[in-house]
Amino acid sequence: MIERLLPDDVSCAATREETVPDGTLFPEEEALMARSVAKRRNDFATARACARRAMAGLGLPPVAVLHGHRGKPLWPEGIVGSLTHCNGYRAAALAREQDVLSLGIDAEPHAPLPEGVRELVTLPAERERIGPQAEEGSGALHWDRVLFSAKESVFKTWYPVTGVELDFVEADLTMQQENDPGGGGTPGAARGTFTARLLLTDPALPTTLRGRWRIEDGVIATAVLVRPNWREDGGA
């Protein structure tokens, strides 16, 4: 599903599996997970397995993927990428930095946000915009969770370039749903785009980021990508 949100020069890999065989992790990765609970270890391992498949798609040998501050994946030199995992879905997306400045992906269960979370992660203007959408024939589409996932993809795109943490209320998102769900007959499928106006700015990135979202089989996937020549193109 992630691969449908990104261009062909991004190598994507995903799985619905919750676990991977023993021996999947490199020793350095095993050391990072030595004291982790089983769920955390499984999330880490399945995402790394996807990362290695995405590396192969770029013609790269498999290497360990460690992490820095706030879990930022540490990619091989010349590579940018993003990882995501939720119950029932894990994915990785990688590209060469000559082609892509930064990218972010996220996956979430297609369900409402827990009580009280919506108000913490959205702006009043965003809640006003998604309110009418939810009432205009969108059925059981959970806009609050789609918006949350889109913000996660925005932040994963922002942080590796700026090194500055972006708060949920420092990006104002507008969501759009496409008329053709493009789900291939999949029940509950939907897709669309979004625009993120950054309220915290940095000269390394445009002030507006654009992304895509998709829902299939109970999972929301979102993605944002910025090209190195974004200044010439007038934006992301």
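So, a few notes on the structure that sits alongside this text.

Procedures and definitions
Residues numbered from 1 in each chain as written. Predicted model: local features only at pLDDT ≥ 70, side-chain atom pairs only at ≥ 80, totals over all residues. Heavy atoms only, no water. Pairing = 2+ DSSP bridges. Helix = DSSP H or I, 4+ residues; strand = E, 2+ residues; numbered from the N terminus. Axes fitted to C-alpha atoms, helices over the stretch in contact; angles between N-to-C directions. Contact = heavy atoms within 4.5 Å. Expected span 1.5 Å × (residues − 1). Buried < 20%, exposed > 50% of the residue type's maximum accessible area, 1.4 Å probe, protein only. Salt bridge = Lys/Arg side-chain N within 4 Å of Asp/Glu carboxyl O. Core = buried A, V, L, I, M, F, W, Y, C linked by side-chain atoms within 4.5 Å. Phe/Tyr/Trp six-rings, centres within 6.5 Å; stacked < 30°, edge-to-face > 60°. Lys NZ or Arg CZ within 6 Å of the ring centre and 35° of its normal.

**Some words on the sheet that holds strand β9 (residues 208–216)**
In a beta sheet, neighbouring strands are held together by backbone hydrogen bonds and run either parallel or antiparallel to one another. Pairing is antiparallel across the open sheet formed by 5 strands, whose spatial order is β6-β10-β9-β8-β7. Every interior strand has two partners, whereas the edge strands, β6 (102–109) and β7 (171–177), have only one. Averaged over all pairs of adjacent strands, the angle between strand axes in this sheet comes to 20 degrees, irrespective of strand direction. Alignment of β7 against strand β8 (residues 190–198), held across 7 bridges, turns out to be antiparallel. Across the sheet, M175 pairs through a bridge with F194, a residue of β8. Where helix α5 (residues 143–162) meets the sheet, its contacts fall on β6, β7, β8, β9 and β10 (219–226), and the angle it forms with β6 comes to roughly 150 degrees.

**As for α5**
For α5, which comprises 20 residues, the first-to-last C-alpha distance of 28 Å matches the rise-based estimate of 28 Å (1.5 Å per residue) to within 8%. Of all 20 residues in α5, 16 are buried; the element is thus mostly enclosed. G163 lies just past α5 and shows a positive phi near 70 degrees.

**Focus: the pattern of salt bridges**
On inspection of all chains with the given rule, the structure shows 15 salt bridges. The partner of K151 in a salt bridge is E126, and the shortest N-O contact between them spans 2.8 Å. Of this pair, K151 sits in helix α5 while E126 sits in helix α4 (residues 124–135), and the two are 25 residues apart along the sequence. Of the two residues, K151 and E126, both sit in the buried class. The residue D172 makes a salt bridge to R197 at a minimum N-O spacing of 3.0 Å. One end of the pair, D172, is in strand β7; the other, R197, is in strand β8, and 25 residues separate them in sequence.

**As for the nonpolar core**
Judged by nonpolar contacts, the single largest core of 26 residues is most densely connected at V146, V154, L173, M175, F194 and W213. Going through the elements one at a time, α5, β7, β8, β9 and β10 are the ones with two or more residues in this core. Examining the composition of this core, we find that 8 residues originate from one element, α5, more than from any other. Among the nonpolar cores identified, the runner-up in size contains 19 residues, and I2, L6, V10 and V219 belong to it.

**Some thoughts on the packing of aromatic side chains**
For the structure shown, the criterion picks out 3 aromatic pairs. Seen from their ring centres, F148 and F168 are 5.4 Å apart, and the 20 degrees between their planes marks the pair as stacked. Of this pair, F148 sits in helix α5 while F168 sits in the loop between α5 and β7, and the two are 20 residues apart along the sequence. Classification of F148 by relative accessible area gives buried; the value is 14%. Grouped by ring-pair contacts, the aromatic residues F148, F155 and F168 constitute a single cluster. We note R48 situated over the ring of F44; from NZ or CZ to the ring centre the distance is 3.7 Å.

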